[in-house]
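Geometric and topological summary
Read off the chains here:
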Amino acid sequence: MDATGLAYLAAGIGAGLAVIGVGLGIGRIGGQAMDGTARQPEAGGAIRTSMIISAALIEGIGFFGLVICFLLGVK
Amino acid sequence: MNPGYVPNGTEEQHEEGLGEFILHHLQDSKEWNVFGYHVHLPTFTPVHFLGMEIDFSITLHVLMMWFASLILIGLSLMAFRKNKSSPIAVIFESIYLFIRDEIAEPNLGSKLGKKLTPFLTTIFVFILTCNLMGIIPLFGTATGNLSVTASLAIITFVMIQGLGIKQHGIIGYFKSLIPHGVPTYLFPIMIPIEIIGLFTKPFALAMRLFANMIAGHTVIFALLGLIIVLGSVFVSPISIGFAVFINLLELLVALLQAYIFTILSALFIGMAAIGEH
């Protein structure tokens, strides 16, 4: 396998791993936020805001990984 | 794929072409494609400054930012007429009130929050306009360019440091970076981490906006490209259906990313200026 093939392989595996991590993180945040809102519906607004913030923080890291993989795969 | 299918040279070149095509449409360019006519934008010779070569040519994304600014200036002029109940004025007022009540004041306190609301509103509205312009055909996404998002993040970085130093004084601000109650022997580890942390925040802001705006367009292009790669008309209903779905998702993402950039800016400024008591 030459270097280009290895780069494609790395891009694919890396994208998958990045998505696994982000999916686990955001899934957990969403689940916990639903849990919290169901227990305390009056705190729904505050919970939603902090959920979006933490989901965005995780997503940023995930996108950072995906951009690197995309550059590996296309260039 | 049929079992006897062997990937040959032309097919591979085709796939390479699709990747190139996608990249070409996402990148900044020196011409503006209007219904097939390539309008060449003015280019200038690079200026040499402190050993760096700085290119001041007007590119597509610069043009798009100008359009966004013009749209916003026009809307603001229409909003601030004598008639305060015109629809545009009401929309602007509700955006302003939302940012003051939901973003600025909870994170910055009522005094600093009122002072910084115009800044946060400007960032929010500008990013939102740039993001939404990316969905309209003929226009480009200015926020899908790392230079643009990095400039926005640098503005936030300057605001964070400036307000932090203004509130605490230079020595007090750098002292407040290290949390209270950290034992002295941890200082050699904590100081570099906190200094790196200062630069990570705006870097993550820039990266997040850039990657989010790029990702949606890439997915749309890839879905539409599936028709060409698989070479079948029967793929097109599925592709176009999904592309429409992703386009609608892009609308949500455009709004959400503008909101997230603004709320994180407010949060970081609040952390630096008010500090943890």
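Anything mentioned here points back to the structure above.
Note that the structure is predicted; figures quoted are calculated from it, not measured.

1. Remarks on the overall build of chain A
- When helices and strands are tallied, chain A shows two helices and zero strands.
- The C-alpha radius of gyration of chain A comes to 17 Å, more than 25% above the 11 Å expected for a compact globule of 75 residues.
- On the principal axes, the C-alpha backbone points of chain A span a range of 60 × 15 × 10 Å.
- The buried share among the 75 residues of chain A stands at 25%.
- If you sum the accessible surface of chain A, you get close to 4700 Å²; carbon and sulfur atoms cover 72% of it.
- Side chains of chain A carry 4 positive and 4 negative charges; the gap between the two charge centres is 4 Å.

2. Concerning the nonpolar core
- In this structure, B:Leu108 and B:Leu120 are the most contacted members of the largest nonpolar core, which totals 50 residues.
- Per element, the largest residue contribution to this core is twelve residues, and it comes from helix α4 (residues 110-135) of chain B.
- Among all residues touching B:Leu108, those that are not within four sequence positions of it are B:Gly113, B:Leu116, B:Leu120, B:Ala266, B:Ile269, B:Gly270 and B:Ile274.
- The next biggest cluster of nonpolar side chains, apart from the first, holds ten residues, and it includes A:Phe63, A:Val67, B:Ile22 and B:Phe210.

3. Section: the side chain of B:Thr143
All names here are of chain B.
- You can see Thr143 is positioned in the loop between α4 and α5 (146-168).
- Polar side-chain contacts of Thr143 include one of 2.6 Å to the side chain of Asn131.
- Thr143 has contacts with Ile127, Cys130, Asn131, Val148, Thr149, Leu209, Phe210 and Met213, leaving out every residue within four places of it along the chain.

4. Examining the pattern of salt bridges
Residue and element names in this part refer to chain B.
- Tallied over the full model, the rule gives two salt bridges over all chains.
- Linking Arg100 and Asp101 is a salt bridge whose minimum nitrogen-to-oxygen distance equals 3.3 Å.
- A relative accessible area of 26% places Arg100 in the partly exposed class.

5. A few points about a nonpolar patch on the surface
- A grouping of A:Leu6, A:Leu9, A:Ile13, A:Leu17, A:Ile20 and A:Leu24 is seen on the molecular surface, where their side chains present a nonpolar patch of about 620 Å² in accessible area.
- Residue placement: A:Leu9 occurs in helix α1 (residues 3-39).

6. Here we look at the environment of B:Leu163
Residue and element names in this part refer to chain B.
- Within the secondary structure, Leu163 sits in helix α5.
- Spatially, the C-alpha atoms of Leu163 and Ile274 are 9.3 Å apart, while their sequence positions differ by 111 residues.
- When residues no more than four places from it in sequence are discounted, the contact partners of Leu163 are Leu112, Leu116, Ile269 and Ala273.

7. A word on the interface of chain A and chain B
- Each partner contributes residues to the interface: chain A has 14 residues there, and chain B has 20 residues.
- Connecting chain A to chain B are zero salt bridges.
- Across the contact surface, chain A and chain B share two residue pairs in polar contact (both at pLDDT 80 or more).
- Per-element accounting of the side of chain A that touches chain B gives the leading share, twelve residues, to helix α2 (residues 44-74) of chain A.

What counts as what
- All residue numbers refer to position in the chain's written sequence, counted from 1.
- Key to labels: chains lettered from A, ligands numbered from 1, both in the order written.
- This being a predicted model, a pLDDT of at least 70 is required before a residue's local features are given, and a value of 80 or more before pairs of side-chain atoms are given or counted; all residues contribute to the totals for chains, interfaces and linings.
- By convention in this description, side-chain values take in all heavy atoms of the structure and omit both hydrogens and water.
- Runs of E in the DSSP output that reach at least two residues are strands. Runs of H or I that reach at least four are helices, and both are numbered from the N terminus.
- Every radius of gyration here is taken over C-alpha atoms, with the globule rule written as 2.2 Å times N^0.38, N being the number of residues.
- Summary of the burial criterion: residues with accessible area below 20% of their type's maximum are buried, those above 50% are exposed, and those between are partly exposed, where the area comes from a 1.4 Å probe applied to protein chains only.
- Note on areas: Shrake-Rupley with a 1.4 Å probe; residue coverage comes only from the protein chains shown.
- Counting rule applied: Lys, Arg positive; Asp, Glu negative; His and chain ends not counted.
- Taken as the charge location is NZ of Lys, CZ of Arg, CG of Asp or CD of Glu.
- Definition used in this section: a nonpolar core is a set of buried Ala, Val, Leu, Ile, Met, Phe, Trp, Tyr and Cys residues joined via side-chain atoms within 4.5 Å.
- The contact criterion used throughout is that any non-hydrogen atoms of two residues lie within 4.5 Å.
- In protein, a polar contact means a hydrogen-donor-capable atom and an acceptor-capable atom, both N or O and within 3.5 Å, with residues adjacent in sequence counting only if both atoms are side-chain atoms; elsewhere, any N or O pair within 3.5 Å suffices.
- For salt bridges, the criterion is a side-chain nitrogen of Lys or Arg within 4 Å of an Asp or Glu carboxyl oxygen.
- Patches here: salt-bridge-free residues with over 30% relative accessible area, like charges joined within 9 Å, nonpolar side chains (Val, Leu, Ile, Met, Phe, Trp, Tyr) joined within 5 Å.

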